[in-house]
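Next come the chains, spelled out residue by residue.
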Amino acid sequence: MKLHFAKLFTYLFTLWLTVTLNFLVPRLLPGDPILSLIDASDGASYDEAVRKQLESYHGLDQPLGVQYVHYWQNLLRGDLGDSISFRKPVSELVLARLPWTLGLVLPSLVISSLIGLVAGTHAGWRRGSSVDRSLTVILISLWNLPAFFIGFVLIMLFGVYLQWLPLSGAVTRFAQFDSIGAQVLDMFKHWLLPAATLIISTIGGRFLLMRNSMSVVLGQEYVLAARAKGVTENNVKYRHAMRNALLPFFTAFSTQVGLAVTGATIIESLFVYPGMGLLLLEAVNTRDYPLVQGAFLVISVTVLTVNLIAEQVMVKIDPRIA
Amino acid sequence: MTPESHKPSPTSPPTKQTQTAKNVIPPIARLGIGLWLFFLLVALGADYLAPHDPYLAKARPLLPPSGEHWLGTNDVGQDIFSEIIVGARMSLLVATVTPSIVVTIALLVGITAGYAGGSIDILLMRMVDVMLAIPSLPLMILIAAYSGSGTLQLIAILSLFAWEIPSRLIRNEVLSVRNLMYVQAAHALGCTPLQVIWRHIIPALLPVLITSFASQASRAVFLEASLAFIGIGDPTSKSWGAMMRAATGFRGIWYGINWVWWVLPTAACISLLVLAFSFIGQGLERWANPRLSK
C-alpha cells in the first residue's frame, strides 16, 4: 500500500511533539516532581538526604538533555515506569485498559457514522421538508446536551426504572458464568448504555456534516446532468449525490476519533467503565504521576495511529484529498 | 441601523435577499441573546439573588423542594437553587474570557498567515494541523494534573486548544479579501500594511469574528462543565459541572427522586447556555454575512 508521505510526516511530527510534551509538562510546570513521586496517602515525610537520593534515583539531578535521552530509551524498551498507587508497571495497567476503550469507541463511531450518514442523506436530499426540519432540531438539540447528562438519563431510564441494564462497570463482578455466551452477553449488556451515550452525543455532528455535504452536491451540474438524461430519482440520490457527498464525510472521520475519545473519557467516568480515560482520571485523582503520564501517552499514540490509518484509507478512497 | 426596530411580520413570506431582511437580527439569534443576557444578569447579581450561601452546609441534607429551599438541598445540606445561581458565574466567566483570548490569538495568527502568505503561512497552518491532531482532552488533563487546579489555569488550558480553528477561518477570510480591488487600491494609494489591515481587512473579518466568538463561548461552557464533571477545575468554587459530578457521584441519586430537582435543573442550565451561544452564532452568521442566506 502506497502511503501518503506529507500526512505521514505530520503524523510523525505530532507523535514526537506529544511524546516530548509528556516529558516536558511535568518538568516545566510549577510543582515538585519529587513531592509527587512520594505516595501522599501514607503521609510520608522526608529530609534533604532522602530527597537527594530520590532525585538521583530518578535521574532528576541530571541535565534536561540527558534526562530526555533516558526518557526515550525507556520508552523504546516499553518501560513506562511503575504506578505508585497500583504498585505495578504502568505499561501492564495501561494495556489491560486499552481494549475496553477501543471496544467502546470504535463500534460507537461506526454506528453513529452510519446513522448520521443515512439521516443526513435524507435530510439533505429534501432540505426544508418536515423530515429535514424535525431531524435537524432533534439531533442538534441532542448534540448540545452534555454527554454526562445523556448518559445519566439513559441510566435512570434503562438501569433504574426499567431495570433492563446494569448501572455501571463493564462486567458483573465476582460472577461465575456457565458458558462463554453468557459472559459475552453480560459484557454486551454493560457495553450498551455507554455506547448508546457515545453514539447519541456524536450523531449530531455526523448528521449535520452529511446534510450540508448533500446540499452542496445537489447544486452541482452533474446532478442536473443525471436528471436531464433521465436517471431515476433513487439513482440520482444514492449513486450520484450521496456517493460524492460521502467524501467530506469520510475526510472528517479522523478528527472524529479524537472527539470520540474525549467523549469516551467523560462517559467512562460516569459509567465507571474501566477504559483508558477512567484510568487517566483515577491516576490524576490519586496523584499517581507515572500513571498519568503513561495513560496520556498511550491514549494519544492510539488516537494518532487510528487517525493515520483512517487518513491513509481516505487517500485510497479519494485521491483528491492528497 | 437599528435592528430591533424592524420586526419581521409573521405573515410576510421569508424574504432573504431584500434589504430589510438583511438588517434584521434573526429570531433565533434574539432568543440566544435573550437567554445569554438572562444568565449574565443571574451571574452578575448572584450575591443578591441567591437566597442562601451555597457554600454553607447548614440545612438538613437531601431535603425536597420547599418555600425555604426552592430546589431542595444536596447531600451535604447546601441549597441547590443558590448553588445553581452562584455556579452561573463560572460558566459566564469562561464564556467571556476564553473566547476573548481565543479570538485575539486567532486574529494575530490568522492575519499574519493570510497577509504574509508564503512560508509563514505554511508554517502557521502546519502548526494548526499538528495542534488539531493532538487529542486535546488527555493533554488538558495532563496539563491540569501538573499545573494545579485554579480558574486561571482552566481558562489557559481551554484557550490553548481552541485558537486553531478560528485562526484557520480568519486566515482563509484574509486570503479571500486580500486580493480584492479595494484592498489592492488601498495598497496602491500608499497605505502601510498596518493601515490596510486595520482599516480594510479587520472590518471584513467581522462576521467570522462574531461567529467565532459565539461558537467559542458555547464550546467553553460545554468543556468547562465536562472538565468539572470529571474533576478537573477549581474544586473550591461552585460550577454546574461540579454540581453534576457531586450529584452523579452520590450513590443514593439512583434510588431516590432527588435527581429531579438536583440533576435536571443543573443540566438544563448547562444545555440552555450552550444552546444560547450556538443560536447567537448561527443567527448572527446569516445576519452578518448575507452571502450565506441563500
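Predicted, not measured: the structure shown is a model, and the values here were computed from it. (Residues numbered from 1 in each chain as written. Chains lettered and ligands numbered in written order. Predicted model: local features only at pLDDT ≥ 70, side-chain atom pairs only at ≥ 80, totals over all residues. Heavy atoms only, no water.)

Scanning chain A for helices and strands turns up 13 helices and zero strands. Starting at the N terminus and walking to the C terminus, you meet the elements of chain A as α-α-α-α-α-α-α-α-α-α-α-α-α. Projected onto its principal axes, the C-alpha coordinates of chain A cover approximately 85 × 50 × 40 Å. Classification of the 322 residues of chain A by burial places 47% in the buried group. (Helix = DSSP H or I, 4+ residues; strand = E, 2+ residues; numbered from the N terminus. Buried < 20%, exposed > 50% of the residue type's maximum accessible area, 1.4 Å probe, protein only.)

Here we come to the overall build of chain B. When its secondary structure is counted, chain B shows 12 helices and zero strands. Its helices and strands taken in sequence order, chain B reads α-α-α-α-α-α-α-α-α-α-α-α from the N to the C terminus. Referenced to the eigenvectors of the C-alpha coordinate spread, the extents of chain B come out at roughly 75 × 55 × 30 Å. Per-residue burial for chain B yields a buried fraction of 51% across its 294 residues. Once local pairs closer than 6 in sequence are excluded, the contacts in chain B between residues at least 24 apart make up 70%. Total accessible area on chain B is roughly 13,900 Å²; 68% of this is exposed by carbon and sulfur atoms. (Contact = heavy atoms within 4.5 Å. Areas by Shrake-Rupley, 256 points an atom, 1.4 Å probe, with all protein chains shown as cover.)

Our next topic: the interface of chain A and chain B. Between chain A and chain B, the contact holds 43 residues from the first and 37 residues from the second. Carbon and sulfur atoms make up 78% of the surface buried where chain A meets chain B, a total of about 3,700 Å² over both sides. Three residues, A:Asn144, A:Phe148 and A:Phe152, lead the burial of chain A against chain B; their summed loss comes to 17% of the area buried on that side. Inspection of the chain A/chain B interface yields three residue pairs in polar contact (both at pLDDT 80 or more). Among the secondary structure elements, those contributing two or more residues to the side of chain A that touches chain B are helix H1 (5-28), helix H6 (130-144), helix H7 (147-161), helix H11 (253-271), helix H12 (276-285) and helix H13 (289-317) of chain A. The biggest single contributor to the side of chain A that touches chain B is H1(A), with 10 residues. (Buried area = accessible area lost by both parts, 1.4 Å probe. Polar contact = N/O pair within 3.5 Å; in protein donor to acceptor, adjacent residues only side chain to side chain.)

Within the structure shown, the criterion is met by nine salt bridges over all chains. Ionic pairing is found between A:Arg211 and A:Asp132, a salt bridge with its closest N-O pair at 2.7 Å. Placement of A:Arg211 in helix H8 (residues 180-218) and of A:Asp132 in helix H6 is noted, with a sequence separation of 79 residues between them. The same class applies to A:Arg211 and to A:Asp132, which are both buried. Of the charged contacts in the structure, one is a salt bridge between B:Asp47 and B:Arg89, with a shortest N-O distance of 3.0 Å. With B:Asp47 in helix H3 (residues 46-49) and B:Arg89 in helix H4 (residues 80-116), this pair connects stretches of sequence that are 42 residues apart. By relative accessible area, B:Arg89 is classed as partly exposed at 34%. It is possible to trace a salt-bridge network through shared partners that takes in A:Arg126, A:Arg227 and A:Glu233. (Salt bridge = Lys/Arg side-chain N within 4 Å of Asp/Glu carboxyl O.)

Following the criterion strictly, the structure yields 16 aromatic pairs over all chains and no others. Geometrically, the ring pair formed by A:Phe152 and B:Trp254 is tilted, given 5.2 Å between the ring centres and 35° between the ring planes. On the criterion of chain membership, the pair formed by A:Phe152 in helix H7 and B:Trp254 in the loop between helix H11 (240-249) and helix H12 (259-288) is interchain, its members lying in two chains. Among the residues examined, A:Phe152 registers a relative accessible area of 0% and is labelled buried. A relative accessible area of 5% places B:Trp254 in the buried class. By way of ring pairs, the aromatic residues A:Phe23, A:Tyr68 and A:Tyr71 are connected into one cluster. (Phe/Tyr/Trp six-rings, centres within 6.5 Å; stacked < 30°, edge-to-face > 60°.)

Attention now goes to the nonpolar core. Soluble globular proteins tend to pack their nonpolar side chains together in the buried interior. Of all hydrophobic cores here, the largest spans 120 residues; its most connected members are B:Ile230 and B:Trp240. Other than its neighbours up to four places away in sequence, B:Ile230 contacts A:Thr265, A:Ile266, A:Ser269, A:Leu281, B:Leu137, B:Ile141 and B:Arg245. Listed in part, the 17 residues of the second largest apolar core include B:Tyr115, B:Val177, B:Val196 and B:Val208. (Core = buried A, V, L, I, M, F, W, Y, C linked by side-chain atoms within 4.5 Å.)

Residues and elements named next belong to chain A. Interaxial distance between helix H5 (residues 90-125) and H8 falls to 5 Å at its minimum, and their mutual angle equals 35°. As H5 runs across H8, the sense of the crossing is right-handed. When the residues that make up the contact of H5 with H8 are grouped by side-chain class, the tally is 21 nonpolar, nine polar and two charged. (Axes fitted to C-alpha atoms, helices over the stretch in contact; angles between N-to-C directions. Left-handed = near helix turned anticlockwise from the far one by under 90°. Nonpolar A, V, L, I, M, F, W, Y, C, P; charged D, E, K, R; others polar.)

Further remarks concern H13(A). The first and last C-alpha atoms of H13(A) sit 42 Å apart over 29 residues, in line with the 42 Å expected at 1.5 Å per residue. The buried fraction of H13(A) amounts to 22 of the 29 residues, a majority that puts the element mostly inside the structure. (Expected span 1.5 Å × (residues − 1).)

Let us look at the environment of A:Leu308. All names here are of chain A. When you line up the elements, Leu308 lands in helix H13. Sequence-wise, Leu308 and Val171 are 137 residues apart; in three dimensions their C-alpha atoms are separated by 32 Å. Residue contacts for Leu308: discarding those within four places in its chain leaves Lys7, Leu8 and Tyr11.

Here we come to the packing of H8(A) against H11(A). All names here are of chain A. At a closest axis distance of 10 Å, the pairing of H8 and H11 adopts a crossing angle of 140°. As H8 runs across H11, the sense of the crossing is right-handed. For the pair H8 and H11, contact is made by Leu193, Pro194, Thr197, Leu198, Ser201 and Arg206 and by Phe253, Gln256, Ala260, Gly263, Ala264, Ile267 and Phe271, respectively. Class assignment for the residues of the contact of H8 with H11 results in eight nonpolar, four polar and one charged.

Quick look at the confidence of the model for chain B now. All names here are of chain B. With 90% of its residues at a pLDDT of 70 or more, chain B has an overall mean of 85. Taking the mean pLDDT of every element in chain B, the minimum, 53, falls on helix H1 (residues 19-23) and the maximum, 94, on H4. Across residues 1-20, confidence stays below pLDDT 50; counting only partners more than four residues off in sequence or on other chains, it has 15 contacts. Across the whole predicted complex the pTM is 0.86, and at the interface the ipTM reaches 0.84. (pLDDT = per-residue confidence, 0-100.)

With that out of the way, let us pick up unusual backbone geometry. Of note in this structure, A:Val272 is not a glycine but carries a positive phi near 50°. Considering the arrangement of structural elements, one finds A:Val272 in the loop between H11 and H12. The class for A:Val272 is partly exposed, based on a relative accessible area of 42%. A positive phi angle, near 60°, is found at B:Leu62, a position not held by glycine. Examined against the element boundaries, B:Leu62 turns out to sit in the loop between H3 and H4. The partly exposed category is assigned to B:Leu62, whose relative accessible area is 31%.

It is worth spelling out helix H8 (residues 164-178) of chain B at this point. Residues and elements named next belong to chain B. A rise of 1.5 Å per residue sets the reference length of H8, with its 15 residues, at 21 Å; its end C-alpha atoms lie 21 Å apart and thus fit the reference within 8%. When H8 is considered as a whole, its buried residues turn out to be Glu164, Pro166, Ser167, Ile170, Arg171, Glu173, Val174 and Val177. The elements touched by buried residues of H8 are H4, helix H5 (118-133), helix H7 (151-160), helix H9 (181-188) and helix H10 (193-229).

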